[in-house]
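Here's the letter readout for the chains.
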Amino acid sequence: MEELERLSAEDFHHSVKNPVILILDNIRSMHNVGSVFRSADAFRVESIFLCGYTPQPPHRDIHKTALGATETVQWMYFSDPIEAVAEARKRGFSIWAVEQTDTSTPLYQYQPAANGTALVMGNEVEGVSDALLQVCDGSIEIPQWGMKHSLNVSVAAGIVLWEITRHTFIQH
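Predicted model, so just to flag it, every value in this text is computed and none were measured.

Reading the values: the criteria
- Residues numbered from 1 in each chain as written.
- Predicted model: local features only at pLDDT ≥ 70, side-chain atom pairs only at ≥ 80, totals over all residues.
- Heavy atoms only, no water.
- Phe/Tyr/Trp six-rings, centres within 6.5 Å; stacked < 30°, edge-to-face > 60°.
- Helix = DSSP H or I, 4+ residues; strand = E, 2+ residues; numbered from the N terminus.
- Buried < 20%, exposed > 50% of the residue type's maximum accessible area, 1.4 Å probe, protein only.
- Pairing = 2+ DSSP bridges.
- Contact = heavy atoms within 4.5 Å.
- Axes fitted to C-alpha atoms, helices over the stretch in contact; angles between N-to-C directions.

**Here's the deal with the packing of aromatic side chains**
Applying the stated criterion across every chain, the model contains three aromatic pairs. Ring centres of phenylalanine 43 and tryptophan 162 lie 6.3 Å apart, and the angle between their planes is 50°; this geometry places the pair in the tilted category. Placement of phenylalanine 43 in the loop between helix H2 (30-42) and strand S2 (45-51) and of tryptophan 162 in helix H6 (residues 153-168) is noted, with a sequence separation of 119 residues between them. Each ring, one from phenylalanine 49 and one from phenylalanine 78, has its centre 4.9 Å from the other, and the planes form 50°; the classification is tilted. Pair noted here: phenylalanine 49 is in strand S2 and phenylalanine 78 is in strand S3 (residues 75-78), with a separation of 29 residues, a long-range link. Each member of the pair phenylalanine 49 and phenylalanine 78 is classed as buried.

**Looking at the sheet that holds S2**
Across the sheet, which stays open at both edges, the seven strands sit in the order S3-S2-S1-S6-S4-S7-S5 with parallel pairing between neighbours. For this open sheet the edge positions go to S3 and strand S5 (105-106), each flanked by a neighbour on one side alone. Its contacts with the sheet put H2 on strand S1 (18-25), S2 and S3, and the angle it makes with S2 is roughly 165°. Strand contacts of H6: S1, S2, strand S4 (94-98) and strand S6 (117-121), with the helix running at about 165° to S6, the strand carrying the most contacts.

Spatial relationships are all this shows, so hold off on functional conclusions.
As structure tokens, this is what we get:
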């Protein structure tokens, strides 16, 4: 691991984190949850908040794609996603849904807040609920030019995490 300049699990736990919280609401696929954990580890996010019926570790199907990231990334469970948003706000984070709306900000125009960003990721089919959109500071849209105009939730999380990390966390 030293040759790849990777942190040990202990060093990871004590390292400076990217000021990002991922709020996953009603994600149905354990593989998507595991994949988001893996991306969260890669981008060293502060925390993941699992909400609603989103599966929680430990589970073999989450572990299959997380590959140990459930042991490195801090996470909490909230039955109500509004409570998760309140917790992120209490920590000083701005709240942004990753969702296509009539007022969404294209990802390439989004400027991450200095105090940190909580990203709300919604259900694979229904997206972010209207109730959650109402408590967000805005929404971020990943521009797309294909026929589907949608991405897998774990892919979308990875894209948005990269863009935010590029602006806030990478040492120049």
